[in-house]
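Observations on the three-dimensional arrangement
Single-letter residue listing:
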Amino acid sequence: MAVKLRGGGDSSLLNMSYSNPNIIKSLLKNMGGMEAMSLKGDRVATCVLADLQAVTGINISKYDRKNRKVFDAGWKAGVLTYLQYMCVAYVLVLGYNRAELAFILGVQMSTIHRHIDNGVKKICIALESGWRG
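Just so you know, these numbers come straight off a predicted model, no measurement behind them.

Moving on, we get to the side chain of Asp-51. For Asp-51, the position within the fold is in helix H3 (residues 43-56). Its relative accessible area of 16% is what places Asp-51 among the buried residues. The residues touching Asp-51, leaving out its near neighbours within four places in the chain, are Tyr-18, Leu-127 and Arg-132.

Below you can see the structure in the form of structure tokens.
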């Protein structure tokens, strides 16, 4: 179930299932690693990364700490609601603390957790259906 992305090509990416929310969470947490693998020529990582970017609208290369408007607008390109996008992108992909994000968005931490879980489920459904926008 664990998706290893460090140190070159990993055949476990070939054998994973888009229907498993835990795998999707792991892939999202490792988008930066997949991007690095993709740049080194790993075609499987490139395909998985392209699938995730198409479905979520999350593109790490558009993140700018000083001006997040372009990155934040990525939600419009994917299947996630704005809050699902913000929670998935900032907590899982960028590694922000849930408590910090809850404060910034003005919501309870349980709301962050719920939006992540519902967003990941929506990502699974979209990936399994072959959604391309």
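Once you've had a look at it, read on.
This part takes up the packing of helix H5 (residues 82-93) against helix H6 (residues 98-105). Packing of H5 against H6 leaves a shortest axis separation of 10 Å and a crossing angle of 145 degrees. Judged by the sense of rotation from one axis to the other, the crossing of H5 with H6 is right-handed. Where H5 abuts H6, its residues Leu-83, Met-86, Cys-87, Tyr-90 and Val-91 lie against Arg-98, Leu-101 and Leu-105. A breakdown of the residues in the contact of H5 with H6 according to their chemical character gives seven nonpolar, no polar and one charged.

A few words now on the nonpolar core. Soluble, globular proteins show a tendency: their nonpolar side chains are buried together. Membership of the largest hydrophobic core comes to 38 residues, with the highest contact counts inside it found for Ile-24, Leu-27, Leu-28, Leu-52 and Ile-123. At the level of elements, helix H1 (21-29), helix H2 (31-39), H3, H5, H6 and helix H7 (109-129) are the ones that each hand at least two residues to this core. Among residues more than four places away in sequence, those in contact with Ile-24 are Tyr-18, Val-120, Ile-123, Cys-124 and Leu-127.

Our next topic: the pattern of salt bridges. Opposite charge on two side chains permits pairing when their charged atoms draw close. In the structure shown here, the tally under the stated rule is one salt bridge. The partner of Asp-117 in a salt bridge is Lys-25, and the shortest N-O contact between them spans 3.0 Å. You can see Asp-117 sitting in helix H7 and its partner Lys-25 sitting in helix H1, a full 92 residues away along the chain.

The topology assignment puts Leu-52 in helix H3. For Leu-52, a relative accessible area of 0% translates into the label buried. Put simply, Leu-52 and Leu-27 are 25 residues apart on the chain and 8.5 Å apart in space, counted from C-alpha to C-alpha. Among all residues touching Leu-52, those that are not within four sequence positions of it are Leu-27, Leu-28, Met-31, Met-34, Gly-57, Ile-123 and Leu-127.

Turning to H7, a few remarks are in order. Taking 1.5 Å per residue, 21 residues should reach 30 Å; H7 reaches 31 Å between its end C-alpha atoms and fits that length. Along H7, the residues classified as buried are Thr-111, Ile-112, His-115, Ile-116, Gly-119, Val-120, Ile-123, Cys-124, Ala-126 and Leu-127. Where H7 is buried, its residues meet H1, H3, H5 and H6. Phi for Gly-130, located one or two positions after H7, is positive at around 80 degrees.

Conventions used here
Residues numbered from 1 in each chain as written. Predicted model: local features only at pLDDT ≥ 70, side-chain atom pairs only at ≥ 80, totals over all residues. Heavy atoms only, no water. Helix = DSSP H or I, 4+ residues; strand = E, 2+ residues; numbered from the N terminus. Buried < 20%, exposed > 50% of the residue type's maximum accessible area, 1.4 Å probe, protein only. Contact = heavy atoms within 4.5 Å. Axes fitted to C-alpha atoms, helices over the stretch in contact; angles between N-to-C directions. Left-handed = near helix turned anticlockwise from the far one by under 90°. Nonpolar A, V, L, I, M, F, W, Y, C, P; charged D, E, K, R; others polar. Core = buried A, V, L, I, M, F, W, Y, C linked by side-chain atoms within 4.5 Å. Salt bridge = Lys/Arg side-chain N within 4 Å of Asp/Glu carboxyl O. Expected span 1.5 Å × (residues − 1).

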